[in-house]
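Fold and geometry: a report
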Amino acid sequence: MSEKRVALVTGASRGIGAAIVGKLVATDHQVIGTATSQNGVEKIERDHPGHKGLVLDVMNEDSIQGFCDELNNLDLSPSILVNNAGITRDNIMLRMKPSEWNDVVIANLNSVFLLTRHFLKPLVKQKFGRIINITSIVAHSGNAGQANYAAAKAGVTGFTKSLAREVASRGITVNAVAPGFIDTDMTGKLTDTQKEGMLSQIPAGRMGEASEIAAAVGFLASDDASYITGETLHINGGMHML
Ligand code: NAP
């Protein structure tokens, strides 16, 4: 029997990341999920016995280095990398502080560069890899109050396409999944008025479920998706059609 492929999912304690872990476990991968706290790590390991949870703060380069060293020590080398961890710090431009801009760019864009850089070399050597970046509908549509977040996610889209061109001949695909309005803690912060405004723009008439994003990630990670690269899968109930 062939060995299970190892998949790494950042931000796996809640929301979309937790659903992605569930999907990858169900499709017979060995999964490493990350959380920013020990509680989150324990939750991942409790939900998925036999799989690994580790602490990682993608905004802190020392934490990233420590995490990568720990994976090396455990002799775990992911062939599937899902860059899912992300944050929002919404504000209109007239009020946006440099710290709100920087935090969002560091968490959503710089982290993708740093983690991908670390894990790319082994993928090139083994001539197989799947890199899947979670972007957002707002990278394509824009969103008032989210100039920082939309810019960071659009940066990830450009990164995805460029890296896809660099490594396609090595059997590595690099794709993005762009969720619309998904029911998680991230959107739970919105006011009822904001939610109603969003819902009125969704032809499907409802928010998406984290599992509906995880299904697309599972597909892009699979052998069935071997000829898809540099692509963004938009999952938004028809909210934004390109
Ligand atoms: P969420 O419910 O807020 O969960 C965020 C996840 O990211 C948590 O697991 C959290 O870990 C982790 N995280 C936060 N800051 C981190 C840091 N500094 N280092 C490492 N991990 C960190 O968010 P979500 O809705 O599932 O979003 C997941 C991804 O989808 C994000 O990239 C988000 O931008 C994107 N997205 C979401 C939506 C949506 O409607 N929900 C739409 C478009 C795109 P802890 O539990 O340890 O805090």
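Computed from a predicted structure; not experimentally measured.

Attention now moves to helix α9 (residues 210-221). Between its first and last C-alpha, α9 extends 17 Å over 12 residues, near the 16 Å set by a 1.5 Å rise per residue. Inspection of α9 places Ala210, Ile213, Ala214, Ala216, Val217, Gly218, Leu220 and Ala221 among the buried residues, and these make up the whole buried set. Of the surrounding elements, those touching the buried residues of α9 are α1 (15-26), β4 (80-83), β5 (129-134), β6 (172-179) and β7 (232-235).

What follows deals with the pairing of β5. Judged by how many residues are buried, β5 sits mostly within the fold: 6 of 6 residues are covered. Burial of the side chains of β5 extends over both faces: Gly129, Ile131 and Asn133 are buried on one face and Arg130, Ile132 and Ile134 on the other. Bridging between β4 and β5 involves 4 bridges; their strand directions are parallel. Across the sheet, asparagine 83 pairs through a bridge with asparagine 133, a residue of β5. This β-α-β element, β4 to helix α4 (residues 98-126) to β5, shows right-handed connectivity. Of the pairings in the sheet, the one linking β5 to β6 comprises 6 bridges and is parallel in character. By the bridge assignment for β6, isoleucine 131 is matched with valine 174.

So, on to the packing of α1 against α9. One way to put it is that α1 packs onto α9 with a least axis distance of 8 Å and a crossing angle of 50°. Here α1 is positioned oblique relative to α9, judged by the angle of their axes. Seen along the crossing, α1 lies across α9 with a hand that is right-handed. Facing Gly15, Ile16, Ala19, Ile20, Lys23 and Leu24 of α1, the residues of α9 in contact are Ala210, Ser211, Ile213, Ala214, Ala215, Val217, Gly218 and Ala221.

Cut-offs and rules
- Residues numbered from 1 in each chain as written.
- Predicted model: local features only at pLDDT ≥ 70, side-chain atom pairs only at ≥ 80, totals over all residues.
- Heavy atoms only, no water.
- Helix = DSSP H or I, 4+ residues; strand = E, 2+ residues; numbered from the N terminus.
- Expected span 1.5 Å × (residues − 1).
- Buried < 20%, exposed > 50% of the residue type's maximum accessible area, 1.4 Å probe, protein only.
- Contact = heavy atoms within 4.5 Å.
- Pairing = 2+ DSSP bridges.
- Right-handed = clockwise from strand over helix to strand, strands pointing away.
- Axes fitted to C-alpha atoms, helices over the stretch in contact; angles between N-to-C directions.
- Parallel < 35°, antiparallel > 145°, perpendicular 65-115°, else oblique.
- Left-handed = near helix turned anticlockwise from the far one by under 90°.

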